[in-house]
Amino acid sequence: QVQLAESGGGLVQPGGSLRLSCAPSGSIFIIRDMGWGWYRQAPGKQREWVATITSGLSTEYADSVKGRFTISRDNAKNTVYLQMNSLKPEDTAVYYCNRRPGSTMLNWGRGTQGTVSS
């Protein structure tokens, strides 16, 4: 059974950066031919979509993160990344990866906590 493992979260000050990683584990599962997304869930709010990268490397972002976040993938490492710059307190959330919206989702991982606070 595929398990998604997110990592790279932490505590940063406003204006800081974090780089999140996502890799499947628990079975042989290749990310190369799939579109992937990052999602986040802030306290008391529903999970929301943040960014998408297709198998053809096209990207799309939520308006709230456009120009600050960058999604990328390294197929050789079977890993998807989210570079988050110019972080704001409202970016505080648990961040998850999964297949892109509209796809059949895999089981959600535990996510990685990103906290932006002075």
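All values reported here derive from a predicted model rather than from experimental measurement.

Participant: Would you explain the pattern of salt bridges in this entry?
Facilitator: Pairing between side chains of opposite charge can happen when their charged atoms approach one another. All told, the structure shown has four salt bridges when counted by the stated rule. Between Glu48 and Arg40 there is a salt bridge, with the nearest N and O atoms lying 2.7 Å from each other. For Arg40, a relative accessible area of 6% translates into the label buried. Note that Arg68 is salt-bridged to Asp91, the shortest N-O span being 2.7 Å. Here the residue Arg68 occupies a position in the loop between strand E6 (59–61) and strand E7 (69–74), and Asp91 occupies one in the loop between strand E8 (79–84) and strand E9 (93–99), the gap between them amounting to 23 residues. Asp91 carries the same exposure label as Arg68, and that label is buried. When salt bridges with common partners are traced through the structure, they connect Arg40, Glu48, Arg68 and Asp91 into a single cluster.

Participant: How should I be thinking about the state of the cysteines in this particular structure?
Facilitator: Think of a disulfide as a covalent bridge from one cysteine sulfur atom to another cysteine sulfur atom. Taken as a whole and judged by the stated rule, the model has one disulfide. In this model Cys22 forms its disulfide with Cys97; the gap between the sulfur atoms is 1.8 Å. Because the torsion about its S-S bond is 55°, the bridge between Cys22 and Cys97 counts as right-handed. Taken together, the residues Cys22 in strand E3 (residues 18–25) and Cys97 in strand E9 connect sequence positions 75 residues apart.

Participant: Would you take a moment to explain the pairing of E7 for this structure?
Facilitator: Every other side chain in a regular strand lies on the same face of the sheet, so the side chains alternate between the two faces. Burial of the side chains of E7 is restricted to one face: Phe69, Ile71 and Arg73 are buried, whereas none of Thr70, Ser72 and Asp74 on the reverse face is. Between E7 and E8, which pair antiparallel and follow one another directly, the connecting turn spans four residues, one of which, Asn78, has a positive phi of 55°.

Participant: What should I look at first to understand the sheet that holds E3 in this one?
Facilitator: Strand pairing in a sheet relies on backbone hydrogen bonds. The paired strands run either parallel or antiparallel. Strand order in the open sheet formed by four strands is E1-E3-E8-E7, and the pairing between neighbours is antiparallel. Among the strands making up the open sheet, the edge pair consists of strand E1 (3–7) and E7. Going across the sheet, the axis of each strand differs from the next one's by a mean of 20°, ignoring polarity. Inspection of the sheet shows E1 paired to E3 by five bridges, in the antiparallel sense. The residue of E3 that forms the bridge with Ala5 is Ala23.

Participant: Can you walk me through the environment of Val65 in this structure?
Facilitator: With respect to the helices and strands, Val65 occurs in the loop between E6 and E7. Using a relative accessible area of 0% as the deciding quantity, one classes Val65 as buried. Separated by 20 residues in sequence, Val65 and Asn85 place their C-alpha atoms 9.2 Å apart. Other than its neighbours up to four places away in sequence, Val65 contacts Arg40 and Val50.

Basis of the calculations
Residues numbered from 1 in each chain as written. Predicted model: local features only at pLDDT ≥ 70, side-chain atom pairs only at ≥ 80, totals over all residues. Heavy atoms only, no water. Salt bridge = Lys/Arg side-chain N within 4 Å of Asp/Glu carboxyl O. Buried < 20%, exposed > 50% of the residue type's maximum accessible area, 1.4 Å probe, protein only. Helix = DSSP H or I, 4+ residues; strand = E, 2+ residues; numbered from the N terminus. Disulfide = S-S within 2.5 Å. Pairing = 2+ DSSP bridges. Axes fitted to C-alpha atoms, helices over the stretch in contact; angles between N-to-C directions. Contact = heavy atoms within 4.5 Å.

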